[in-house]
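Structural overview
One-letter residues, chain by chain:
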Amino acid sequence: VLPNKMSHQCFDFEQLKDLLKKILGGQVGAANGDERQVLIGQYLTAQHGSLACERMMNVIETIAQQLEPAGQLPLKNRLQRGVLARGLHLAKRIKSSLPGSHNRPEFQRHRYPGISLENLHAKLNQFQQLRGHCQQLTVEQISNVMFKISPSEALGEPQA
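Numbering of residues starts from 1 in each chain and follows the order in which that chain's sequence is written. Only residues with pLDDT of at least 70 are given local features in this predicted model, and only at 80 or more are side-chain atom pairs given and counted; all residues enter the totals for whole chains, interfaces and linings. Only hydrogens and water are set aside when side-chain values are computed; all heavy atoms of the structure are taken into account.

**Re helix 2 (residues 13–24)**
Every α-helix carries 3.6 residues per turn, so stepping three or four residues along brings you back to the same face. Using the following cut-off: Runs of E in the DSSP output that reach at least two residues are strands. Runs of H or I that reach at least four are helices, and both are numbered from the N terminus. Here the expected length of a helix is defined as 1.5 Å per residue gap, with one fewer gap than residues. Nitrogen and oxygen atoms within 3.5 Å of one another constitute a polar contact, given that in protein one can donate a hydrogen and the other can accept it, and given that sequence-neighbouring residues count only through two side-chain atoms.
In this model helix 2 runs 16 Å from its N-terminal to its C-terminal C-alpha over 12 residues, within 8% of the 16 Å that 1.5 Å per residue would give. Looking at where helix 2 begins, the residue whose side-chain oxygen comes 3.1 Å from the main-chain nitrogen of E14 is D12. Once helix 2 ends, the next one or two residues include G26, with phi positive near 80 degrees.

Have a look at this one:
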């Protein structure tokens with residue numbers, strides 16, 4: 001329902017063809033109006049201000065500051081965390097061995113095909129330019145699908 005309410009509607013091929021001609025000819029622009037603005041306000045949050053990833057990082061940083069270092073946790077809590085982590089690891093291994101599992105390695109390679117360090121640098125630079133950010137970043141490759149991105153602190157580090 002939402003895509004139909006947010007866009008120009010066509011009910012057959014001829015209407016679609018005519019509408020596309022008008023759009024490409026500059027006669028018709030984006031669908032707008034008060035009803036669409038109400039829908040945008042209802043379904044799309046945080047249209048201004050920080051990006052979602054920035055807001056998530058703020059929440060994660062707040063939580064991390066509130067946590068005690070692992071060495072200061074009581075032994076009981078450390079043991080519980082260890083047992084839980086091992087149990088989750090075992091459950092993941094069992095699940096990945098089941099037929100049709102989305103945790104199977106070949107499915108994960110399809111889902112996350114990896115990116116080269118050079119391509120990631122290019123994407124980061126492009127994203128920073130779009131956002132108007134100029135902070136230099138250091139990128140460390142952890143695996144073929146995982147990277148650590150952090151602000152550059154020292155001269156001579158590889159930078160994005």
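Read on for the rest.
**Thoughts on the layout of surface pockets**
Sizing a probe to match a water molecule and rolling it over the atoms shows the empty space that remains. Test applied: Buried and open spaces are told apart on a 1 Å grid over the protein atoms alone, a cavity being a set of points where a 1.4 Å probe fits but cannot get out and a pocket being an open set with protein on both sides within 12 Å along at least five of seven lines. Residues with an atom within 4 Å of a point are the lining residues. Grid points are joined across faces, edges and corners, and a volume is the space filled by probe spheres set on the points. Polar here means any residue outside two lists: the nonpolar Ala, Val, Leu, Ile, Met, Phe, Trp, Tyr, Cys and Pro, and the charged Asp, Glu, Lys and Arg; Gly therefore counts as polar.
Size it by volume and the largest pocket reaches roughly 420 Å³. The wall of the largest pocket is formed by 13 residues, among which L124, F127, H133, L137 and I149 lie closest to the centre. Sorting the residues of the lining of the largest pocket by element identifies helix 4 (52–66), helix 7 (117–131) and strand 2 (146–151) as the ones contributing at least two each. In terms of residue count, helix 7 provides more of the lining of the largest pocket than any other element does, 4 residues in total. Tallied by class, the residues present in the lining of the largest pocket amount to 7 nonpolar, 4 polar and 2 charged.

**Brief notes about the pairing of strand 1 (residues 137–143)**
Inclusion rule: DSSP calls a pair of strands paired once it identifies at least 2 bridges connecting them.
In the sheet, strand 1 pairs with strand 2 via 6 bridges, with the strands oriented antiparallel. Bridge assignment links E140 to a residue of strand 2, and that residue is K148. Hairpin remark: strand 1 followed by strand 2, antiparallel, with 2 residues in the connecting loop.

**Section: the side chain of Q128**
Our working definition: When a residue's accessible area, from a 1.4 Å probe over protein chains only, is under 20% of the maximum for its type it is buried; when over 50% it is exposed; and in between it is partly exposed. We call two residues in contact whenever any of their non-hydrogen atoms come within 4.5 Å of each other.
On the secondary structure map, Q128 appears in helix 7. On the basis of relative accessibility, which here comes to 12%, the residue Q128 falls in the buried class. Leave out the neighbours within four places in its chain, and Q128 touches H133, Q135 and L137.

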